[in-house]
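Fold and geometry: a report
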Number of protein chains: 2
Amino acid sequence: MASAEETVDSFIALICERDVDSACELLAEDVVYDNVPMAAVTGRDAARSLLAPLVSSAEAVEWVVHRQVGDTTTVLNERTDRFLIDGRWLEIPVAGIFEVRDDVITLWRDYFDLAGFTAQVSPPVDP
Amino acid sequence: MASAEETVDSFIALICERDVDSACELLAEDVVYDNVPMAAVTGRDAARSLLAPLVSSAEAVEWVVHRQVGDTTTVLNERTDRFLIDGRWLEIPVAGIFEVRDDVITLWRDYFDLAGFTAQVSPPVDP
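Given the structure is predicted, the values throughout are model-derived calculations rather than measurements.

Reading the values: rules and limits
Residues numbered from 1 in each chain as written. Chains lettered and ligands numbered in written order. Predicted model: local features only at pLDDT ≥ 70, side-chain atom pairs only at ≥ 80, totals over all residues. Heavy atoms only, no water. Contact = heavy atoms within 4.5 Å. Buried area = accessible area lost by both parts, 1.4 Å probe. Polar contact = N/O pair within 3.5 Å; in protein donor to acceptor, adjacent residues only side chain to side chain. Helix = DSSP H or I, 4+ residues; strand = E, 2+ residues; numbered from the N terminus. Buried < 20%, exposed > 50% of the residue type's maximum accessible area, 1.4 Å probe, protein only. Pairing = 2+ DSSP bridges.

**With respect to the interface of chain B and chain A**
Tallying the contact residues gives 23 residues for chain B and 23 residues for chain A. Sorting the residues of chain B by area buried against chain A places B:R67, B:V69 and B:Y111 first, and these three jointly supply 35% of that buried surface. Our count for the contact surface shared by chain B and chain A stands at eight residue pairs in polar contact (both at pLDDT 80 or more). Among the secondary structure elements, those contributing two or more residues to the side of chain B that touches chain A are β3 (60–70), β4 (74–85), β5 (88–101), β6 (104–111) and α4 (114–121) of chain B. Sorting elements by how many residues they give to the side of chain B that touches chain A places β5(B) first, with five residues.

Structure (structure tokens):
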């Protein structure tokens, strides 16, 4: 039995290895994956469908955990999620909420500023 | 000596009492107050200048803490910050990061979606 924090650490490590399938094995089948400014989705398959294109489009993925605190079932962290895409690092400042039961993540909710993200994906054209 | 969580709990309770001056006594003089989608400010006076108009414009303030985990110096929480303004509840889903030293908050960083907030402050006009 892993601790809640160990489960989250393993999940993040697998994402950074761009191994989405193995990472998703650490999500409950009925996981709720909620990007707060966007819609929440339910289910491991739905979560994988969101994660896979983002991760596979990146040449490298680094999720830098700045702070993380957990108890037996809840893990909260502060991260910078970095994706190397077309030679440029996309960086998303994120606060993450994780609920873990029986070694799998049942809730994953990320708080971030959507406009700050989309501005990086579609940077304004120079005048 | 209060625990880091007790300091954060007291701070939030004072905000909910709309007692900004007492709340700000729990901020370090050189506190960093960072609303992630906006600019960070440094100093208790600067933090008070941001907080006071928001809190005083509200008839009631409720910060609902959904989850909170802390260690000796770090407290992370998930909240809905609610402000009753002109008879309407403005609700901001927030993830908060707090660093506490010597019973005062040295860092307070809130992650939220700015567009989701401004849409409530300036709701679209009905067609």
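**Concerning the pairing of β6(B)**
All names here are of chain B. Across the eight residues that make up β6, a large majority, six, are buried. Bridge count between strand β1 (residues 27–35) and β6: five bridges; the pairing is parallel. Its bridge partner lying in β6, L27 is registered against I105. In the sheet, β5 pairs with β6 via seven bridges, with the strands oriented antiparallel. The partner of F98 across the bridge, within β6, is W108. Where β5 folds back on β6, the antiparallel hairpin that results is connected by two residues, among which D102 adopts a positive phi of roughly 50°.

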